[in-house]
Amino acid sequence: MRRRVVVTGLGIVSPIGNNVKTAWEACCNGQSGTDRITKFDASGLRSQIAGEVLNFEMPSIIPSKEVKKMDTFIHYAVSAAQEGLEDARLEITDEIADEVGVSMGVGIGGQPMIEKYHMILEEKGAHKISPFFIPMVLLNMASGQISLLFGTRNYNSSTVSACASSNHSIGDAARVIERGDAKVIIAGGAEAALTPLCVGGFAAMRALSTRNDEPKRASRPYDRDRDGFVFAEGAGVLILEEYEFAKERGADIYCELGGYGFSSDAHHITAPSVEGPARAIKMAIKDAHVNPEDVDHINAHATSTPAGDINELQAIKSVLGEHAKNIAISGTKSMTGHLLGAAGAVESALTIKALKHGFVPPTINIDNLDPECDLDVTPNVGKERSIKVAMSNSFGFGGTNASLLFKAIE
């Protein structure tokens, strides 16, 4: 028997706020979290802008002596997990620990520490490498440290699928609960790869915006003059629970995670396709046992790249047909920037808030709508709308696609 999966808690660390309340308010108000890079000297790079996490407070669950043993992406992951569990009012006791797991997607992982210790190796020698270096940078240590700190003893995994990582991680976690193998999973994604090498690498691909003189207006999905995405960092967490377990403990339920779709383009390592994302969207709708015309809202992948934005809208139209004109689409990366492996988790949390509050966040920075972007992309100003079914899309390098579909609880 397939168990129902619901969402009972949310956590966010992002350029628009380091908790869900702040991030959601900024999102509704169309506030940009992108600006000139301050965490290192970016003056020699083609792209000098990013969505940085600012004023971050270390989560209380991490002992002070352990902080330096973790890369920043792990700090962000733990912080989002702690907020999510507090939001869900869920304490992981010894009685339920065997039924609680962790699933955190990461795209790049501990790049800052890799660059730091490579420099130490070159300048001071191997004897100066920290004995904690390897567990600092391993991508699965976002999940691993959450499990260790909160005492979970079930599923413990990290999905790595570029910018689709956290949506895959959330979807895979839901499948574990659906099978009856866990009651609760802390699921999401984290990323903190804002380094000169990573920014320089993406810029060398011509993937990043170079609108350096207008950093807050650089991320502009669907605008005719968009010129690439804005690098960003952060983390997002959804607390997933088996419906009967959540109901029995009296949890407040945001919504049901009803559908998960995935596909591979088998097309090109970086260039997006239409057919691959369309199959992921179609699968998520089928998995949720809803009809295409039931979809009210989509938080789109919408990175602000010239081809990607158009291809995703074409994929939506190919699946939803004429109904595509009726849905409200948000490109929240216009405000957050692109959080890579954490993007889907943060955007899923914002999608759930949109469903819960009946409000569609805007896609900001649209001065001249690209005529090929001919659906309702909610330009510049958000709007109230009844939302019963909402979707979050994430697509990544390597042709990997993941779509999640959330439903109002019945």
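Residues numbered from 1 in each chain as written. Predicted model: local features only at pLDDT ≥ 70, side-chain atom pairs only at ≥ 80, totals over all residues. Heavy atoms only, no water.

### Observations regarding the overall build of the protein
Inference 1: Tallying secondary structure elements over the protein gives twelve helices and 14 strands in all.
Inference 2: What you see for the protein is a C-alpha radius of gyration of 20 Å, in line with the 22 Å of a compact globule of 410 residues.
Inference 3: Over its C-alpha atoms, taken along the principal directions, the protein stretches across nearly 65 × 55 × 40 Å.
Inference 4: In the protein, once contacts between residues fewer than 6 apart in sequence are set aside, the share between residues at least 24 apart is 78%.
Inference 5: As presented, the protein carries roughly 15700 Å² of accessible surface, and 51% of it is formed by carbon and sulfur atoms.
Inference 6: Here the protein carries 39 positive and 51 negative side-chain charges, and the mean point of each set is 1 Å from the other. (Helix = DSSP H or I, 4+ residues; strand = E, 2+ residues; numbered from the N terminus. Rg over C-alpha atoms; globule rule 2.2 N^0.38 Å. Contact = heavy atoms within 4.5 Å. Areas by Shrake-Rupley, 256 points an atom, 1.4 Å probe, with all protein chains shown as cover. Lys, Arg positive; Asp, Glu negative; His and termini not counted. Charge placed at Lys NZ, Arg CZ, Asp CG, Glu CD.)

### A look at the state of the cysteines
Inference 1: A complete count under the given rule lists zero disulfides for this structure.
Inference 2: Free of any disulfide, cysteine 163 has its nearest neighbouring cysteine sulfur in cysteine 198, separated by 12 Å.
Inference 3: Under the relative-accessibility criterion, cysteine 163 is labelled buried at 12%.
Inference 4: For the unlinked cysteine cysteine 373, the closest cysteine sulfur is that of cysteine 163, found at 19 Å.
Inference 5: Exposure remark for cysteine 373: the relative accessible area of 1% places this residue in the buried category. (Disulfide = S-S within 2.5 Å. Buried < 20%, exposed > 50% of the residue type's maximum accessible area, 1.4 Å probe, protein only.)

### Details of the packing of helix α9 (residues 275-287) against helix α10 (residues 306-320)
Inference 1: Between α9 and α10, the least distance of the axes is 8 Å, while the angle of their chain directions is 45°. When the interaxial angle is binned, α9 and α10 end up oblique. Two packed elements cross with a definite hand, and for α9 against α10 that hand is right-handed. Contact residues: Pro277, Ala278, Ile281, Lys282 and Ile285 in α9; Ala315, Ile316, Ser318, Val319 and Leu320 in α10.
Inference 2: A class-by-class count of the residues in the contact of α9 with α10 yields eight nonpolar, one polar and one charged. (Axes fitted to C-alpha atoms, helices over the stretch in contact; angles between N-to-C directions. Parallel < 35°, antiparallel > 145°, perpendicular 65-115°, else oblique. Left-handed = near helix turned anticlockwise from the far one by under 90°. Nonpolar A, V, L, I, M, F, W, Y, C, P; charged D, E, K, R; others polar.)

### Quick word on the side chain of glutamine 145
Inference 1: For glutamine 145, the position within the fold is in helix α5 (residues 141-150).
Inference 2: Glutamine 145 has contacts with Met70, Ile74 and Val78, leaving out every residue within four places of it along the chain.

### Some words on the sheet that holds strand β4 (residues 100-106)
Inference 1: Sheet architecture is open: ten strands sit in the order β5-β4-β6-β7-β1-β8-β14-β13-β9-β10, paired in mixed fashion. Edge positions in the open sheet fall to β5 (156-157) and β10 (328-330), since each of these has one partner strand only.
Inference 2: Packed on one face of the sheet, α5 meets β4, β5 and β6 (184-191) and runs near 155° to β4.
Inference 3: Together, β8 (255-264), β13 (389-396) and β14 (400-407) form the strand contacts of α9, whose direction differs from that of β8 by roughly 150°. (Pairing = 2+ DSSP bridges.)

### A short note on the packing of aromatic side chains
Inference 1: Scanning all chains against the criterion turns up six aromatic pairs.
Inference 2: For the ring pair tyrosine 117 and phenylalanine 133, a centre distance of 5.3 Å and an interplane angle of 55° mean the geometry is tilted. Note that tyrosine 117 is positioned in helix α3 (residues 111-124) and phenylalanine 133 in helix α4 (residues 133-137), a separation of 16 residues in sequence. Each member of the pair tyrosine 117 and phenylalanine 133 is classed as buried.
Inference 3: A centroid spacing of 6.3 Å and a plane angle of 45° characterise the contact between phenylalanine 202 and phenylalanine 397, whose relative ring orientation is tilted. With phenylalanine 202 in helix α7 (residues 196-204) and phenylalanine 397 in the loop between β13 and β14, this pair connects stretches of sequence that are 195 residues apart.
Inference 4: The class for phenylalanine 397 is partly exposed, based on a relative accessible area of 33%.
Inference 5: Cluster of aromatic residues (ring-pair linked, three or more members): Phe202, Phe229, Phe231 and Phe397. (Phe/Tyr/Trp six-rings, centres within 6.5 Å; stacked < 30°, edge-to-face > 60°.)

### Some remarks on the environment of glycine 398
Inference 1: In this fold, glycine 398 is placed in the loop between β13 and β14.
Inference 2: Residue glycine 398 is classed as partly exposed on the basis of its relative accessible area of 47%.
Inference 3: Separated by 291 residues in the primary sequence, glycine 398 and glycine 107 have C-alpha atoms spaced 12 Å apart.

### Notes on the pattern of salt bridges
Inference 1: Within the structure shown, the criterion is met by 28 salt bridges.
Inference 2: The shortest N-O distance in the salt bridge between arginine 211 and glutamate 214 comes to 3.1 Å.
Inference 3: Across the pair aspartate 225 and arginine 224 runs a salt bridge, and its minimum N-O distance is 3.5 Å.
Inference 4: On the basis of relative accessible area, aspartate 225 is assigned to the partly exposed category, the value being 37%.
Inference 5: One continuous salt-bridge network, built from bridges that share partners, spans Arg211, Glu214, Arg217, Arg220, Asp223 and Asp367. (Salt bridge = Lys/Arg side-chain N within 4 Å of Asp/Glu carboxyl O.)

### Comments concerning the nonpolar core
Inference 1: One finds Val7, Leu238, Leu240 and Phe406 to be the most contacted residues of the largest nonpolar core, which totals 46 residues.
Inference 2: Looking at this core element by element, the count peaks at eight residues for helix α12 (residues 343-357).
Inference 3: Apart from the residues lying within four places of it in its own chain, the contact partners of valine 7 are Leu238, Ile239, Leu240, Asp252, Ile253, Tyr254, Cys255, Ile352 and Phe406.
Inference 4: Membership of the second largest hydrophobic core comes to 34 residues, among which are Phe73, Ala81, Ile92 and Ala192. (Core = buried A, V, L, I, M, F, W, Y, C linked by side-chain atoms within 4.5 Å.)

### Regarding the pairing of β13
Inference 1: Counting buried positions along β13 gives eight out of eight residues, so the element sits mostly inside the fold.
Inference 2: Side chains of β13 alternate between two faces, with Val389, Met391, Asn393 and Phe395 and Ala390, Ser392, Ser394 and Gly396 buried alike.
Inference 3: Summarising the sheet, strand β9 (residues 297-299) and β13 pair through three bridges and their orientation is parallel. Looking at the pairing, asparagine 299 lines up with serine 392 of β13.
Inference 4: Summarising the sheet, β13 and β14 pair through eight bridges and their orientation is antiparallel.

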